Amino acid sequence: MKLCRYLGADNQPRVGLIDGDVVRTIPGSLTEILDDPTRSTDAGSQSASAVKMLAPVERQEVWAAGVTYLRSKKARMEESNFSATAYDRVYEADRPELFFKSMPEKVAGPGSEIGIRKDGKWNVPEPELALVLNSKGRIVGYTIGNDMSSRDIEGENLLYLPQAKIYKHSCALGPVIVAGVTEDEARTWTIRLEIRRNGEPVFEGTTSVNNIRRKFQDLADYLFRSQEFPNGAILLTGTGIVPPDAFTLAAGDEVKIEISGIGVLENRVAVV
Ligand code: DO4
Ligand code: MG
């Protein structure tokens, strides 16, 4: 089942169920629908190609897990002189690295601009499977996330992580939420990242969701420890694709992230 958030004819955001080429409106807020995805869809329908898709997030905070793939651990140990052991240790530890990523209203949707910091010299996208959690911390769906990051700022000092990760247009989500899928099924999916510059591919990489070291529900349970999310939350699960060290994003680059069971999230890079 594919859910989306889109702009209705009255310019108000709506939640819909994608049924072939048609979007069927689901009455209610995303919070209510995540708590009960079997709600009726009798509030009208429109052609899917005719509507503007929005980021599938309404009042849910966006959080992210880090260093959940071996590739991410190795890349971060290389970029950082004195924090290398922190990445090594968190990869093995029971408690995962979890960090706040974005308020929902700041998330970029499909086709919107994503940002690279003007004071960052080494900027990359991080293509990630995102867990959609309801208010009880249960995984009710999956979407695609982009955890845009400045590697030079993070590498200079671990305490700069919030600046490397949380800035204007640093988080994109979409295009849809796929609900009713088990973790075992999601682990068969492939993540693909393609970056194009002036229409030409400049980077392409793939990984398998199954390379994520941690169980998805364990990540969600840690996020909900001593914490409440009355509207649910989105949790990015970390990146397993890191472009070579010589690569940095430039304004105008097109970033395309595909997850086989979900779809394609495309955004263009702007300096912020
Ligand atoms: O520890 C820094 C962030 C890690 C991260 O964002 C990732 O592994 O995806
Ligand atoms: Mg990340």
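For the structure itself, consult the block above.
For clarity, every value in this text was computed on a predicted model and none was experimentally measured.

A. Representation of the overall build of the protein chain. Scanning the protein chain for helices and strands turns up seven helices and 18 strands. Its C-alpha atoms give the protein chain a radius of gyration of 18 Å, near enough to 19 Å, the size a compact globule of 272 residues would have. Projected onto its principal axes, the C-alpha positions of the protein chain cover 55 × 45 × 30 Å. Across the 272 residues in the protein chain, those meeting the buried criterion constitute 54%. Taking the contacts inside the protein chain whose residues are at least 6 apart along the sequence as the reference set, 70% of them involve residues at least 24 apart.

B. Molecular detail of the coordination of the magnesium ion (ligand 2). At this site the magnesium ion (ligand 2) is bound by Glu126 (OE), Glu128 (OE) and Asp147 (OD), with donor distances of 2.0 to 2.1 Å. All donors to the magnesium ion (ligand 2) come from one chain, and their sequence spacing reads E-x1-E-x18-D. Of this pair, glutamate 126 sits in the loop between strand 9 (123-124) and strand 10 (127-133) while aspartate 147 sits in strand 11 (residues 139-147); the two residues are 21 residues apart in sequence, bridging distant segments of the chain. Given a relative accessible area of 1%, aspartate 147 falls into the buried group.

C. Quick peek at the site of ligand 1. In the neighbourhood of ligand 1, 15 residues make up the surrounding shell, with Val67, Ser72, Glu97, Lys165 and Thr239 lying closest. Contact between ligand 1 and glutamate 97: an oxygen atom at 2.9 Å from a side-chain N or O atom of the residue. In the environment of ligand 1, an oxygen atom lies 2.7 Å from a nitrogen or oxygen atom belonging to the side chain of lysine 165. Protein contacts shield 100% of the accessible area of ligand 1, which totals 280 Å² for the unbound molecule. Of all the secondary structure elements, the ones that give two or more residues to the shell around ligand 1 are helix 2 (70-79), strand 7 (97-102) and helix 5 (161-165). Split by residue class, the shell around ligand 1 holds four nonpolar, four polar and seven charged.

D. Expanded view of the environment of arginine 213. Among the structural elements, arginine 213 can be located in the loop between strand 15 (200-208) and helix 7 (216-224). For the pair arginine 213 and leucine 70, spaced 143 residues apart in the sequence, the C-alpha separation amounts to 8.1 Å. Among residues more than four places away in sequence, those in contact with arginine 213 are Thr68, Tyr91, Glu92 and Ala93.

E. Just the nonpolar core, in detail. Leu129, Tyr142, Trp189, Phe216 and Ile262 are the most contacted members of the largest nonpolar core, which has 49 residues in total. With five residues, the single largest contributor to this core is helix 7. Core analysis: the next-biggest nonpolar cluster, separate from the first, contains 22 residues, Leu17, Val132, Leu161 and Cys171 among them.

F. Spotlight on the pattern of salt bridges. The final tally for this structure, using the stated rule, is 18 salt bridges. Across the pair aspartate 88 and lysine 73 runs a salt bridge, and its minimum N-O distance is 2.9 Å. A residue pair is termed long-range when its members are at least 10 positions apart, and aspartate 88 in helix 3 (residues 84-92) and lysine 73 in helix 2 qualify at 15 residues. Notably, a salt bridge pairs arginine 76 with glutamate 126, separated by 2.8 Å at the nearest N-O pair. A residue pair is termed long-range when its members are at least 10 positions apart, and arginine 76 in helix 2 and glutamate 126 in the loop between strand 9 and strand 10 qualify at 50 residues. Owing to a relative accessible area of 7%, arginine 76 belongs among the buried residues under this scheme. Judged by its relative accessible area of 4%, glutamate 126 falls in the buried class.

Calculation criteria
Along each chain, residues carry numbers from 1 onward, in the same order as the chain's sequence is written. Working convention: letters from A go to chains and numbers from 1 go to ligands, in the order in which they are written. Only residues with pLDDT of at least 70 get local features here, since the model is predicted, and only at 80 or more are side-chain atom pairs given and counted; chain-wide, interface and lining totals rely on the full set of residues. Side-chain descriptors were evaluated using all non-hydrogen atoms of the structure, hydrogens and water having been removed beforehand. To qualify as a helix, a DSSP run of H or I must reach at least 4 residues; to qualify as a strand, a run of E must reach at least 2; elements of each kind are numbered from the N terminus. With the radius of gyration taken over C-alpha atoms, the globule rule is written as 2.2 Å times the number of residues to the power 0.38. Accessible area is worked out with a 1.4 Å probe on protein chains only. A residue is then buried under 20% of its type maximum, exposed over 50%, and partly exposed in between. Residue contacts are defined here by distance: any two heavy atoms, one from each residue, within 4.5 Å place the two residues in contact. Any N, O or S atom lying within 2.8 Å of the metal counts as a donor, and for Na, K and Ca the limit rises to 3.2 Å; water is left out, so some sites can look incomplete. Near, as used in this document, describes a residue that has one of its heavy atoms within 4 Å of the molecule or strand being considered. N or O atoms closer than or at 3.5 Å make up a polar contact, with two conditions inside protein: a donor-capable atom paired with an acceptor-capable one, and, for residues adjacent in sequence, both atoms drawn from side chains. Throughout, the Shrake-Rupley method with a 1.4 Å probe supplies accessible areas, and for residues the shown protein chains are the sole cover considered. By the convention adopted, Pro, Cys, Tyr, Trp, Phe, Met, Ile, Leu, Val and Ala count as nonpolar, Lys, Arg, Asp and Glu as charged, and the other residues, Gly among them, as polar. Residues belong to one nonpolar core when they are buried, are Ala, Val, Leu, Ile, Met, Phe, Trp, Tyr or Cys, and are joined through side-chain atoms within 4.5 Å. Here, a salt bridge means any side-chain nitrogen of Lys or Arg that lies within 4 Å of a carboxyl oxygen of Asp or Glu.

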